[in-house]
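Working through the structure, step by step
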Amino acid sequence: VVAVTVPVIRKGVTEYVLRMVVPIDEFRQILKDLNLPQAWNASLFHHSGQIIARTSDHDEFVGQPAVHFMVKLLTDRREGAFEHRNLKGEMVRGFLVQVQGWDWMLGVAAPSQKLSDAVFDALIHVVLVGLFFTLLALALSFSLARYLAQQVKNNSQLPSWSPDDSPQKPAK
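Reading the values: rules and limits
- Residues numbered from 1 in each chain as written.
- Predicted model: local features only at pLDDT ≥ 70, side-chain atom pairs only at ≥ 80, totals over all residues.
- Heavy atoms only, no water.
- Buried < 20%, exposed > 50% of the residue type's maximum accessible area, 1.4 Å probe, protein only.
- Helix = DSSP H or I, 4+ residues; strand = E, 2+ residues; numbered from the N terminus.
- Arc of directions from axis to C-beta.
- Contact = heavy atoms within 4.5 Å.
- Pairing = 2+ DSSP bridges.
- Axes fitted to C-alpha atoms, helices over the stretch in contact; angles between N-to-C directions.
- Phe/Tyr/Trp six-rings, centres within 6.5 Å; stacked < 30°, edge-to-face > 60°.

What helix 1 (residues 24-32) keeps buried is the set Ile24, Phe27 and Leu31. Each buried residue of helix 1 sits inside an arc of 65 degrees when the element is viewed along its axis, so together they form one side. Of the surrounding elements, those touching the buried residues of helix 1 are strand 1 (2-10), strand 2 (13-22), strand 3 (41-46), strand 4 (51-54), helix 2 (58-61) and strand 7 (104-111).

Strand order across the open sheet formed by 5 strands is 4-3-7-6-5, with antiparallel pairing between neighbours. Only two strands of the sheet have a single neighbouring strand rather than two, namely strand 4 and strand 5 (80-85). Here the average twist between neighbouring strands, direction ignored, is 25 degrees. With 3 bridges connecting them, strand 3 and strand 4 associate as antiparallel partners. Looking across to strand 4, one finds that Ser43 is bridged to Arg54.

This next bit is on the environment of Pro37. Structurally, Pro37 is set in the loop between helix 1 and strand 3. For the pair formed by Pro37 and Ala110, sequence separation is 73 residues and the distance between their alpha carbons is 8.8 Å.

A few words now on the packing of aromatic side chains. To describe a pair of aromatic rings, you give the distance between the ring centres and the angle between the ring planes. Taken as a whole, this structure holds 2 aromatic pairs when the rule is applied. Note on Phe27 and Trp104: the rings are 5.2 Å apart at their centroids and 85 degrees apart in plane angle, and the pair reads as edge-to-face. Of this pair, Phe27 sits in helix 1 while Trp104 sits in strand 7, and the two are 77 residues apart along the sequence. Owing to a relative accessible area of 12%, Phe27 belongs among the buried residues under this scheme. Through a chain of ring-to-ring contacts, three or more aromatic side chains come together here, namely Phe27, Trp102 and Trp104.

Right, let's get into the pairing of strand 5. Looking at chain direction, strand 5 and strand 6 (residues 91-98) are connected through 6 bridges and run antiparallel. Along strand 6, the bridge assignment pairs His84 with Val92. Where strand 5 folds back on strand 6, the antiparallel hairpin that results is connected by 5 residues, among which Gly89 adopts a positive phi of roughly 90 degrees.

Mapping His84 onto the fold places it in strand 5. Every residue in contact with His84, bar those within four places of it in the chain, is listed here: Val67, Phe69, Met70, Glu90, Met91 and Val92.

In short, geometric facts, not functional conclusions.
This is the structure in structure tokens:
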């Protein structure tokens, strides 16, 4: 469970403290509701580096400290992108953001290889689509060039016309 404590302050003085106890599974469900791709992981961290909830291997890692690299980012409260080895030893890329109003940070990461594969697949699709349209443009250009050449050839076989051949207006 996680105890969430909020002071009630009146005129600058703490008069009460409200405390709510929330089961960890509630936070895991919130993270799962993000509907991240299967290989991705979202984690909720306390700024001290302790794992509060995760979307994958939740029971194994909750309550444990994050890897040293992440603990440094968390204690410094540094938001942004990162790349490091996770608790399973896999290279991952991700980002950290501060949860507003809390001493918590949300991290989302995916295996570096999966991200690289996805970028490579997208690049291949862009290249293939570009190649398709280039070939289509070339085919249409050749077709248009043949059509225009045929029109020029057909027009060259017509009797020639000059301004002297035009009918004269009757003189008044």
